Amino acid sequence: MNIKCIALDLDRTTLNASGRLSDGNYNALCHAIENGVHIVIASGRSFDTLPKDVLAVPGIEYAITSNGAAIYHIPTSTCLHEYKMTPASVECIIQIAKQHETALEVFIDGKAYALKAYVEDPVSYGTTPQAIPYIQSTRIPIDDIISFIREHIDHIDSMDIVVSGEQQKQLIWNELKYNCDEIYITSSVSQLIEISHKNAGKHSGLRFIREYLNLKPEETAAFGDGDNDIDLLKEAGIGIAMENASPKCKDAATFITKHHDKDGVAYGITEFLKI
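Parameters and conventions
Residues numbered from 1 in each chain as written. Predicted model: local features only at pLDDT ≥ 70, side-chain atom pairs only at ≥ 80, totals over all residues. Heavy atoms only, no water. Buried < 20%, exposed > 50% of the residue type's maximum accessible area, 1.4 Å probe, protein only. Helix = DSSP H or I, 4+ residues; strand = E, 2+ residues; numbered from the N terminus. Pairing = 2+ DSSP bridges. Lys, Arg positive; Asp, Glu negative; His and termini not counted. Salt bridge = Lys/Arg side-chain N within 4 Å of Asp/Glu carboxyl O. Contact = heavy atoms within 4.5 Å.

Colleague: Please clarify how helix α9 (residues 202–212) should be interpreted in this entry.
Modeller: For an α-helix, the turn length of 3.6 residues means that residues three or four places apart are oriented alike. Turning to α9, its buried residues are K202, H203, S204, G205, L206, I209 and R210. Looking one or two residues beyond α9, the residue adopting positive phi is N214, at roughly 60 degrees.

Below, the structure is given as structure tokens:
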């Protein structure tokens, strides 16, 4: 086994339940980097909301952000590649979201914006109480989010629709697939539908990095926990799902590692990748 690149989902994968990078995972990442392995963040987060704990790891070079919509060189904050959403697809999403009275989040040039009422009270829109600090610390609140989106319609990396439950989620998901062209739809958590350009996705980002670094597919590995990591794990030579991963994510994996609160990334790097 000769792994030269590892792509890491962040929330509920590399980060613990407190949203922090544990000492065990930190040490494992540093060890991998010292052994010549490229560590790549692969997240649904926008670039400006990436956690300081991870960015502070010496030697992390690349970040796949907004579910593959934008890929950055971290040391220089340079966007290496991006897929902007088409105006027609954005307008289609707006119309469907309005019909269901949902909240919208939008990611523009690496920054995250959201409906002000949602940022102030996420739980009333279906979000778990545990997510409140993350939302309120990373989202820029906007009173009229739809007008704001239309004003920036040519610069949108990705969008999220915040749903109130599984029934509404499936209904909106089906409407998006039927009515909106040129979109990639995925979900990392139950209350979000995450939408980007049809050519995006974390797997697309990993493929770009692999070609950028001139690596073979079998020289790559990836860790994840959510449905939005499924394509990523399949794209990698070795896909590793967390013990706490969704059933579909586990089905896509080569290995299942420990829980994200038990240094599952460190365990996977040491035991499965033999680094």
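On we go.
Colleague: Would you explain the pairing of strand β1 (residues 5–8) in this entry?
Modeller: Looking down a regular strand, the side chains alternate between one sheet face and the other. Burial of the side chains of β1 extends over both faces: C5 and A7 are buried on one face and I6 and L8 on the other. As judged from the 4 bridges shared by β1 and strand β2 (residues 38–42), these two strands associate in the parallel manner. Note on β2: the bridge partner recorded for I6 is I39. Here β1 pairs with strand β12 (residues 220–224) via 4 bridges, running parallel. Across the sheet, L8 pairs through a bridge with F223, a residue of β12.

Colleague: Can you walk me through the pairing of strand β6 (residues 103–108) in this structure?
Modeller: Among the 6 residues of β6, 6 are classified as buried, and the element is accordingly described as predominantly covered. A two-sided burial pattern is seen for β6, the buried positions comprising A103, E105 and F107 on one face and L104, V106 and I108 on the other. In terms of strand pairing, β6 meets strand β9 (residues 156–162) through 6 bridges, oriented antiparallel. Across the sheet, residue L104 finds its bridge partner in β9, namely I161. Across 4 bridges, the pairing between β6 and strand β7 (residues 111–115) is antiparallel. Within the sheet, the bridge partner assigned to E105 lies in β7 and is A114. As consecutive antiparallel partners, β6 and β7 are separated by 2 residues, and within that stretch D109 has a phi angle of approximately 50 degrees, a positive value.

Colleague: Help me out: how do you make sense of the side chain of E175 in this one?
Modeller: Mapped onto the fold, E175 is located in helix α8 (residues 166–179). Of the buried charged residues, E175 lacks a salt bridge, with K98 as the closest side chain of opposite charge at 13 Å. Once residues lying within four places of it in the same chain are set aside, the contact partners of E175 are I96, Q99, H100 and C180.

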